[in-house]
Amino acid sequence: MDETISIVEGNPQDELNFLIIEDSQTDFLLIERELNRASLRHRAVRVDSRHALQDALDNGRWTLVLSDYNVPGMCFEDNLPMFRACFPDTPVLLVSGSVGEEKAVELLKLGVWDFVLKDNLTRLVPAVERCLREAGDRAARQAAETDLRRSEERLRLALTASKTGVWEWNIRNNETFWSPECFKIAGLSDSKLGLRDFIRLLHPEDAPWVKRELVRCLAARTPFSAEFRIIASNGETRWISNLGQPHYNGSNLPVRMVGTVQDITQRRESEAQLRRSAAVFTNTQEGVSITDIEGTILAVNPAVCAITGYSEEELLGSNMRLVRSGRHDTAFYRRIFETIAIEGFWQGEIWNRRKNGEIFPAWLTISPVRDEGGRTFNYVGTFTDISRIKQSERQLAHLAHHDPLTDLPNRLLLRSRLDHAIDRTARDGGKGALLFLDLDGFKNVNDSLGHPAGDALLQMVAERLLGRLRETDTLARLGGDEFAVLIEDLPNPQEAASVAQSLIEEMKRPFLLPEGHKLYVGTSIGISVFPDDGTASDSIIRNADAALYQAKGGGRATFRFYTEALTIAANARVKLEAQLRYGIERREFVLHYQPLVSLTDNRINGVEALVRWQTPTDGLLPPARFIPFSEENGLIIPLGDWVLRTACAQMKAWRDAGSRLSIMAVNLSCVQFRQPDIAEVVEAALQESGLPAHFLELEITESGLMEFGPDAEAKLAALKTLGVRLAIDDFGTGYSSLAYLKRFPIDKLKVDQSFVRDIPADTAGTEIAAAVVALGKTLHLEVLAEGVETKAQRDLLRRLGCNTAQGYLFDHPLSATALGEKWLR
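Residues numbered from 1 in each chain as written. Predicted model: local features only at pLDDT ≥ 70, side-chain atom pairs only at ≥ 80, totals over all residues. Heavy atoms only, no water.

Draft legend 1. Molecular detail of the overall build of the protein chain. Check the secondary structure of the protein chain and you find 30 helices and 34 strands. Whereas a compact globule of 825 residues would reach a radius of gyration of roughly 28 Å, the protein chain reaches 60 Å, over 25% beyond that. Principal axes of the C-alpha set define a box for the protein chain whose edges measure 190 × 75 × 60 Å. Looking at the protein chain residue by residue over its 825 residues, the buried ones come to 44%. The contacts in the protein chain between residues at least 6 apart in sequence include a share of 60% that link residues at least 24 apart. Accessible surface for the protein chain amounts to roughly 43200 Å². Of this, 52% is attributable to carbon and sulfur atoms. Counting 96 positive and 115 negative side-chain charges, the protein chain places the averaged centre of each group 5 Å from the other. (Helix = DSSP H or I, 4+ residues; strand = E, 2+ residues; numbered from the N terminus. Rg over C-alpha atoms; globule rule 2.2 N^0.38 Å. Buried < 20%, exposed > 50% of the residue type's maximum accessible area, 1.4 Å probe, protein only. Contact = heavy atoms within 4.5 Å. Areas by Shrake-Rupley, 256 points an atom, 1.4 Å probe, with all protein chains shown as cover. Lys, Arg positive; Asp, Glu negative; His and termini not counted. Charge placed at Lys NZ, Arg CZ, Asp CG, Glu CD.)

Draft legend 2. Region of the structure containing the packing of aromatic side chains. For the coordinates displayed, the defined rule picks out 11 aromatic pairs. Considering the side-chain rings of Y593 and W654, the 5.1 Å spacing of their centres and the 70 degrees angle between planes classify their relative orientation as edge-to-face. Residue Y593 is found in strand 26 (residues 589–598), and its partner W654 is found in helix 21 (residues 636–656); the two are separated by 61 residues along the sequence. Comparing Y593 with W654, the two get one shared label, buried. Between W613 and F626, the aromatic rings sit 5.8 Å apart at their centres with planes inclined by 85 degrees, giving edge-to-face as the arrangement. One end of the pair, W613, is in strand 27 (residues 604–615); the other, F626, is in the loop between strand 28 (619–621) and helix 20 (627–633), and 13 residues separate them in sequence. With respect to class, W613 is no different from F626; both count as buried. Cation over ring: R46 sits above F28, and NZ or CZ is 5.8 Å from the ring centre. One cation-aromatic arrangement involves K715 over F673; the distance from NZ or CZ to the ring centre is 5.9 Å. (Phe/Tyr/Trp six-rings, centres within 6.5 Å; stacked < 30°, edge-to-face > 60°. Lys NZ or Arg CZ within 6 Å of the ring centre and 35° of its normal.)

Draft legend 3. Fine view of the sheet that holds strand 24 (residues 522–530). Taken in spatial order, the 5 strands of this open sheet run 20-21-19-24-25, and their pairing is mixed. With one partner strand each, in any of the chains shown, strand 20 (474–479) and strand 25 (559–561) form the two edges of the open sheet. Strand after strand, the sheet turns through a mean of 20 degrees between neighbouring axes, direction not considered. Contacting strand 19 (432–440), strand 24 and strand 25, helix 18 (residues 537–553) crosses the sheet at an angle of about 145 degrees to strand 24. (Pairing = 2+ DSSP bridges. Axes fitted to C-alpha atoms, helices over the stretch in contact; angles between N-to-C directions.)

Draft legend 4. The arrangement of the environment of F442 in detail. Within the secondary structure, F442 is located in helix 15 (residues 442–449). Classification of F442 as buried rests on a relative accessible area of 7%. Separated by 183 residues in the primary sequence, F442 and G259 place their C-alpha atoms 94 Å from one another. With residues up to four places along the chain from it excluded, the contact list for F442 reads G454, L457, L458 and D481.

Draft legend 5. Summary view of unusual backbone geometry. Cis geometry is adopted by the peptide bond preceding P531, which originates at F530 and carries an omega value of 10 degrees. Among the structural elements, P531 can be located in the loop between strand 24 and helix 18. In this structure, the amide linkage connecting I759 to the following residue, P760, adopts the cis form with an omega of 5 degrees. When you line up the elements, P760 lands in the loop between helix 27 (753–756) and helix 28 (763–778). Its identity as a non-glycine residue notwithstanding, D407 has a phi of 65 degrees, on the positive side. One can find D407 in the loop between helix 13 (387–401) and helix 14 (411–428). In this structure D407 comes out as partly exposed when scored by relative accessible area, which is 44%. Backbone geometry at H780 places phi at a positive 60 degrees, although glycine is not the residue there.

Shown next as structure tokens:
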């Protein structure tokens, strides 16, 4: 049989496409007749070969397949899988005249939807309509199922993307269902998780109220919604959000609850961070403002309002130009944003204006806020009112250049003004002068009345000196009781002398302190004229200081101009200081010892240690050549310590050798006595040498003791506690108070040699010596006369009752070796 495809066209708009597999044209037409009789608008295609069938299946979409069972060259059982493979949802209707009922049932099981016998085609249309209805129902169900699957897939993806877990609780039997995300949130493996297991995960602090809330929601028929903590399997605390919807039966009893759960730990931490940031934003003392790129204010914190004086309502929506001070030009603000564009921020000092019009300095930082593309959409500015800092800076700058006590320029500001004055004189050909002033007797005020009185005096001195100077002159305090006056535009050097004399006269008037004390202090002045005496500030200052030293040495309350001779003397002093330091380091000093002789039996009972300087160039120098200078520069401290240790060690050696010497007298300088640790120094020398304290006698000059006033008593008491003897040297040359002498724990008075030198011929000297000896006896003190050089002096002193003497009559100071050979055998 030739391959045949017969097509019967119906309405072109019909969607029913029937594929009819029939080898008989007659049967095909009969089928068509029944279909047309039922007014089924369709398009039918007849195929009668396998090739035609394959082509139809490949190129068409069929609503219904009608097939004869016996078509030559084709097997229906083979064709049926082809139909199912190509169109699994297309109905297949068997139309045949030779299929038995059993076979038809078998074919129905294989996938045939229905069958009709050719000899009863009246059943064809109902069968076709039934197949089409069933196919439509199947398609609808499949579409619904597809939609459901898609909806479920979307829900699953949404829950997965949102990290939301789903749970169900069967209230009747307490069975639960948990989605995988629930297990993930709890940190558990995907296993059975009961209600009790979930309750055990609750944080101990949250479990009670979570249970109560769940019971309340079930009773009130309201959804359960809560955020609480759980303890995950790894011990980590997590925050979760739990939503549950209860379902009730006809008796209004809850039967189940379905809900979702989300891990909100990160959200809670972000919220906490936001709260902290908000707290910082609100409570920080720095002003914080947020603007758009045009400068419109979007947000401000309370500090901005407090600093500027504007309310938040006044600032929001306004432009930052509202607080501009007007001190900065447009170029200033343009540079700010150029810097932000390059460096990512700007920071610096800026002047703004408060609401009341007050201009104030601020330290401002501006940072941009950018989106993912790097475009700026906001600016954040933080600023601090630095008015107080500015004020502190001004105060510090003032303090750095002014004396805090008198508010006068200090040494630093004086030097700056001196440098400026030197430059002016060099440029204009003029002259200037620098005057150095030192108060005479100021130390006695401090020692007797205390430092507060001394400070008050200095303030009064500054006020008086200022009253004597021009506004163009500079009065400075250099420290202690030292002042300086810088005079510019000096007509001639004599004018500087006139100023100096006027200041001296002004200082001769008494000062009346607030406490009622009337004080008299003078001043000595050294003058250096520039450019005559120097063209650099260092040399002018040095020369004025040298002139001051000369003035103080000239009797005080006077002034001296600088001369070249002063420079020579100053250089000599510098050289002497260097040699003295070198001598102490190289141990060039030696001790000589002068005998102390009893006037009762002419026997030696002690020695006085006297230091000598064995210089490499000038030989042996007496103490008058270097002791005063060492006291001025402080070198007497290390030198005196050496003398003390060496004398103690020598006395210990003599005592160990069998000597009966009972006194080693050592002079204690006023500078040494002024040291707060003098008692500790003496104690260390005694311990180092092993000498018992009662063999050591410390000699302190009368004038030195009087300098310390009441403080001397405490120092002497500390030394006396060690067990040493104490003697007042050069007695009679000072202004001792008998009340002080009575309280001082002293053992000996040494009559100064100036009273011994001319006795017995000098009646006045004899009377003074007699008075001192009598005073000593009255106070139960030993009396020693210095500078005894004649027998007549010795005999008179003996008759007066003097105990001990020393001087050239008995012997000169000797080395330790010479003294031992001559006196101690």
